[in-house]
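Here is what each chain is made of, one letter per residue.
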Amino acid sequence: AFDAGGQVLGAAALAALVFAAIPGGGAVAHVAALAVALAAFALFLAQERRAGEGALVPPALFAAPGFAGAMAATGAMTFGIYGLVFLLPLTWLATGLLSARAAGMALVPCALAFFLVSQFSATLSRRLGLRAMTSGGVAVIACGLAVIAATDAGRPLSLAELGLLLGGIGMGLCTG
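Residues numbered from 1 in each chain as written. Predicted model: local features only at pLDDT ≥ 70, side-chain atom pairs only at ≥ 80, totals over all residues. Heavy atoms only, no water.

### Here's the deal with the environment of alanine 27
Note the threshold: Helix and strand assignments come from DSSP, with helices taken as H or I runs of at least 4 residues and strands as E runs of at least 2, each series counted from the N terminus.
One can find alanine 27 in helix 2 (residues 26-51). Separated by 147 residues in sequence, alanine 27 and cysteine 174 have C-alpha atoms that sit 36 Å apart.

### Quick word on the nonpolar core
Just so we agree on the cut-off: As used in this record, nonpolar core signifies buried Ala, Val, Leu, Ile, Met, Phe, Trp, Tyr and Cys residues forming a set joined through side-chain atoms within 4.5 Å. Only protein chains enter the accessibility calculation, which uses a 1.4 Å probe. A residue is then buried if its area is under 20% of the maximum for its type, exposed if over 50%, and partly exposed in between. Any two residues having at least one pair of non-hydrogen atoms within 4.5 Å are treated as being in contact.
Core analysis: the largest hydrophobic core is formed by 18 residues, its most contacted members being Met77, Ile81, Leu84, Leu88, Trp92 and Leu164. When residues in this core are grouped by element, the largest group, six residues, is from helix 3 (residues 65-95). Other than its neighbours up to four places away in sequence, leucine 88 contacts Ile148, Gly154, Ala160 and Leu164.

### Structural notes on unusual backbone geometry
In the segment running from arginine 155 into proline 156, the intervening peptide bond is cis, with an omega of -5°. Its location among the elements puts proline 156 in the loop between helix 6 (130-149) and helix 7 (157-175).

### Examining helix 3
Which entries qualify depends on this criterion: Take the number of residues in a helix, subtract one, and multiply by 1.5 Å to get its expected span. By definition, a residue's bend is the angle between the axes fitted to the seven residues ending there and the seven starting there.
Counted at 1.5 Å a residue, the expected span for helix 3 with its 31 residues is 45 Å, and the 44 Å between its end C-alpha atoms agrees. Along its length, helix 3 reaches its greatest deviation from straightness, about 30°, at leucine 84. Listed as buried for helix 3 are Ala73, Met77, Gly80, Ile81, Leu84, Leu88, Pro89 and Trp92. In this structure, the buried residues of helix 3 make contact with helix 4 (100-106), helix 5 (108-128), helix 6 and helix 7.

### Overview of helix 5
Over its 21 residues, helix 5 runs 28 Å from end to end, which matches the ideal 30 Å to within 8%, given 1.5 Å per residue. Approximately 40° is the largest bend angle found in helix 5, and it occurs at serine 121. In this structure, the buried side of helix 5 is in contact with helix 3, helix 6 and helix 7. Note on helix 5: the residue one or two positions beyond its end, glycine 129, has a positive phi of about 100°.

Next up, the structure:
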C-alpha cells in the first residue's frame, strides 16, 4: 500500500532536520526547525503504527534486532559520509581553497575506495560476519570523519583526503 502520510511526514522530518543543521538563519530558526523535525518524526511514528503492515516502514520490522542494528548502522553511515561529501566541497568552494572542478576531483578517492572495497565486502561479510563488517565499516567511517574534523575547513587538503579515503573504505565495508 502507498503510505502517503508516512511519505509526507518522513520528508517533513528530514527536511526540517536538514534545515536545522544548515548554518545561517539564527538560533531561533534552528531551534524552531529542530522542534518541527521532532514533531514531524513523532507524527511519522504514530502514522506508521496506524498503517501497520501497509506502513512505509512497518514498525514490526524493528522488533528484529538484526534489522534494527542494520538500520542504526545505515543511518550513521548515511548521515556521516553523505553529509560529508555534500558539505566538505561546499566548504572548499566557500573558502576559496578549491575550484568547483578541483573540489569534485578531490572526492574521487572516496568514491574510488568505496567502489573497490565494495567489490569484496560480500565475501568478507561471509568470512567475518555481518556484524563485524557493518560495525567495522561504520567505525572506519567514524575515523575518517574524525580526521576531517581535525582539519581547518578542509585544510590541509592531504588530511581531508585521508579522511575521505577512510570514509570510502568504510562505506565499501558496510555495503556487503
